[in-house]
Amino acid sequence: MKYKSQKVAYWFFALSMLLLTIQLTYGFIMGFAHMGLDGLHNIIAFNTARAVHTNALVMWLLSGFMGAAYYIIPEEAEHELVNVKLAYVQLISFALVGVIALVGYHFNYWEGRKFLEIPRPLDWLVVVNVLTFLGLIVTTLFKGKKRTTTSLVLTMGLVFAALLYLPGMIWFDNQTLDSFFRWWVVHLWVEGVWELIMGGILAFLLIKITGVDREVIEKWLYVIVGLTFISGILGTGHHYYYIGVGKVWLIVGGIFSALEPLAFLGMALFAIVMYRRGEKKHPNKLALNWTLGTAIVSFIGAGLLGLAHTLPQVNLYTHGTLVTAMHGHLAFWGAYAMIILAIIAYAMPNLTGRKLFDTARGTYAFWLSNIGMLGMTAAFGVAGVAQVYMERKMGIEFGEVQKEIQVHFLVLVSCATMFTTGIILYLIEFVKFGLPTDEALESK
Ligand code: HEM
Ligand code: HEM
Ligand SMILES: [Fe+2]
């Protein structure tokens, strides 16, 4: 690392890894429940497990993004973080709000809106927390010597993500209005501004790992930002097909969301072209794997599997089924989980001074988790298509269909075990790095 204050990033990464283990534990609870093994039902009902699984996911991704920003911004801006103590206060308060929310779900302290289950009073604490974070990042950026495109795109993504949290906090008594604005958060996050965060981190990693000129890499970034906004904003319409809004959304949503994969294709090509141009000398092969991996897997999970059910004619049948879960898993994994695992893999040797660049454990972590996740995606997909035909085409009752597709969850849990083995190896590697130290400071 080049600046002492970058060490803050480590603690955000550590929190992120802790929340990841919680997410996976609750994933297994649901996987078994789908097989008919729902012994925990009275303590952790399916809806509780689902809320913990998806919210722990969002929390570990946010903690990872914050860690990434605390690592990247000082280095790009060439300035220490303006207030390190405040960053630790922000870390602890973020963890506290997270714990209260996750525990609360077990006692029905929640709002039953998928992904936005956090009750409104806690939302206000999230707002204060995120404002503190943004304050630190933005002041560091503006006090710094440089404001690179990479750091600006990353910061823009973070600022917009914070702003887009607000529509989810407005109170509506009307279900359609509530749904309408819920998508401003959920969709415009993952198919809009989070893509800027991803693009910013990806650009930073490619600059460091491939050694290609910053000018070249940052030109691509403009193209990706452009494609994201052109397609993603009106693409929100693919959630407005059948929720009680006007028919015009069938056309608008269909056309624009079908263009969304282009932004992800852009990112995949970007990474591959830069890798081929680069000198291939950087020793951190694991960071390279995760970086190229995220660009490619996000195109498959978000771009292609999103396209698979984005047209109104298809979505009419697949909406809210396990087909959605199929896409949700590979998209979140490829785009946002992997980019965080990439920046951690890149940052850890620099923060701790330990050069665990190319270990067998790290390589197995990459392949087992990715192959496991592909298997899980396939299992969800097969279960989803069977569900759609039985439930939506043949009109068989929901619960009956769930019994028919139980067997696919045996496959899901087996693949999830492989996936989790990979993640455990990644976590062991994380712990082996040890704590960040000032001795790891490099000359600037
Ligand atoms: C990294 C980017 C993406 C992530 C993380 C992601 C994740 C998700 C998740 C979690 C859902 C379920 C949301 C809910 O029901 O509350 C969803 C729904 C959906 N996604 Fe994506 N997605 C991404 C990109 C895309 C793209 C690029 C497309 C289109 C090409 C797409 C098409 C859809 C559609 C049509 C639905 C609605 C499914 C339904 O009606 O049940 N997604 N996505
Ligand atoms: C141990 C591994 C995992 C298992 C067993 C698992 C299992 C499940 C199950 C059974 C569901 C509920 C599906 C339903 O509604 O019936 C679910 C939902 C979900 N999981 Fe996982 N999961 C795992 C890991 C992950 C990971 C690593 C991610 C993201 C990177 C993820 C993202 C999601 C999302 C976004 C949803 C909501 C999907 C939707 O809205 O349809 N899961 N998971
Ligand atoms: Fe969407």
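How each quantity is defined
Residues numbered from 1 in each chain as written. Chains lettered and ligands numbered in written order. Predicted model: local features only at pLDDT ≥ 70, side-chain atom pairs only at ≥ 80, totals over all residues. Near = placed C-beta within 6 Å. Helix = DSSP H or I, 4+ residues; strand = E, 2+ residues; numbered from the N terminus. Nonpolar A, V, L, I, M, F, W, Y, C, P; charged D, E, K, R; others polar. Expected span 1.5 Å × (residues − 1). Buried ≥ 20, exposed ≤ 12 C-beta atoms within 10 Å, placed from the backbone. Contact = placed C-beta atoms within 7 Å.

### Thoughts on the site of ligand 1
In the region of ligand 1, 26 residues are neighbours, and Ala302, Gly306, Gly328, Ala331 and Ala335 sit closest. Only α6 (175–210), α10 (285–307) and α12 (322–352) provide two or more residues apiece to the shell around ligand 1. Top contributing element to the shell around ligand 1 by residue count: α12, with six residues. Split into classes, the residues belonging to the shell around ligand 1 amount to nine nonpolar, 14 polar and three charged.

### Quick word on the site of ligand 2
Not every one of the 20 residues close to ligand 2 is listed here, only the nearest: Gly27, Met30, Gly31, Gly328 and Ala416. Of all the elements in the fold, those that place two or more residues in the shell around ligand 2 are α1 (8–34), α2 (46–77), α12 and α15 (406–433). Tallied by class, the residues present in the shell around ligand 2 amount to 10 nonpolar, nine polar and one charged.

### Some words on α2
Given a rise of 1.5 Å per residue, 32 residues ought to cover 46 Å, and the 46 Å separating the end C-alpha atoms of α2 matches this to within 8%. Judged by how many residues are buried, α2 sits mostly within the fold: 27 of 32 residues are covered. The first or second residue beyond α2 is Glu78, which carries a positive phi of 55°.

### Some points on unusual backbone geometry
In this structure, Glu78 takes a positive phi of about 55° despite not being glycine. Along the chain, the position of Glu78 falls in the loop between α2 and α3 (84–105). Notably, Asn108 is not glycine yet its phi reads approximately 60°, a positive angle. On the basis of neighbour count, Asn108 is assigned to the exposed category, with 10 C-beta atoms found within 10 Å.

### Here's the deal with helix α7 (residues 214–235)
Spanning 22 residues, α7 covers 31 Å between terminal C-alpha atoms, matching the ideal 32 Å at 1.5 Å per step. By the burial criterion, the buried members of α7 are Ile217, Trp220, Leu221, Ile224, Val225, Leu227, Thr228, Ser231, Gly232 and Gly235.

### Some thoughts on the environment of Tyr10
With respect to the helices and strands, the residue Tyr10 is situated in helix α1. Given 24 C-beta atoms within a 10 Å radius, Tyr10 is considered buried. Between the C-alpha atoms of Tyr10 and Leu269, which are 259 residues apart in sequence, the distance is 30 Å. The residues contacting Tyr10, other than those within four sequence positions of it, are Leu351 and Pro436.

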